[in-house]
Amino acid sequence: MTGELRPVSEAELAAWLVSSVADYTDDLEAAGLSRAAAENKATEATRREFPHGRPASGQHVYSIRVADEHVGVLWLSAGPADDPTNWWILDIVVFERFRGRGHGRLAMLLAESEAARLGAAKLTLNVFARNAVAQALYASLAYEPTKIVMEKTLVPPVS
């Protein structure tokens, strides 16, 4: 299977931003934030990285294409000033109807090629603990955990 990355169209970007904020909010809530705190964090991150609905400098959003069909979206972010060759995958989405067909693996390989073409020496990503499918995919592509955050919800003592 072959595929390619193309810059997203305005319509694709607008639709993805709406779903991305909703998905990120859900992930943050599932990770322990209150719904209000999750919504606030997701909205603020989007405003910072996509002012006026446009990617800020260093943000690259692509349509993942297979057989000229839009099967998902990839968001790459240029490395920070203190580590400019360490790029990030901030979001990678294969639309539901295209899942289970190898498009996620293809998208990751396209992301690696594109990041390297743009100057990356390393590609980093975060994955929520509840996303076992993504974790397995990343491990199969030789991504290794570099830190693990653990938490426990405490029950107030009975008085």
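Residues numbered from 1 in each chain as written. Predicted model: local features only at pLDDT ≥ 70, side-chain atom pairs only at ≥ 80, totals over all residues. Heavy atoms only, no water.

## A word on the pattern of salt bridges
Counting across every chain of the model gives 13 salt bridges. Residue Glu29 pairs with Arg35 through a salt bridge whose shortest N-O separation is 2.8 Å. For Arg35, a relative accessible area of 33% puts it in the partly exposed group. Connected through shared salt-bridge partners, Glu4, Arg6, Glu12, Arg65 and Asp68 make up one network. (Salt bridge = Lys/Arg side-chain N within 4 Å of Asp/Glu carboxyl O. Buried < 20%, exposed > 50% of the residue type's maximum accessible area, 1.4 Å probe, protein only.)

## Here's the deal with the sheet that holds strand β5 (residues 122-125)
With mixed pairing, 5 strands are arranged side by side in an open sheet as β1-β2-β3-β4-β5. This sheet does not close on itself; its edge strands, each paired only once, are β1 (3-7) and β5. Within this sheet the neighbouring strands show an average axis-to-axis angle of 35°, counted without direction. As defined by bridge partners, strand β4 (residues 86-94) adjoins β5 across 4 bridges and the pair is classed as parallel. Opposite Trp88, over in β5, you have Thr124 as the bridge partner. (Pairing = 2+ DSSP bridges. Helix = DSSP H or I, 4+ residues; strand = E, 2+ residues; numbered from the N terminus. Axes fitted to C-alpha atoms, helices over the stretch in contact; angles between N-to-C directions.)

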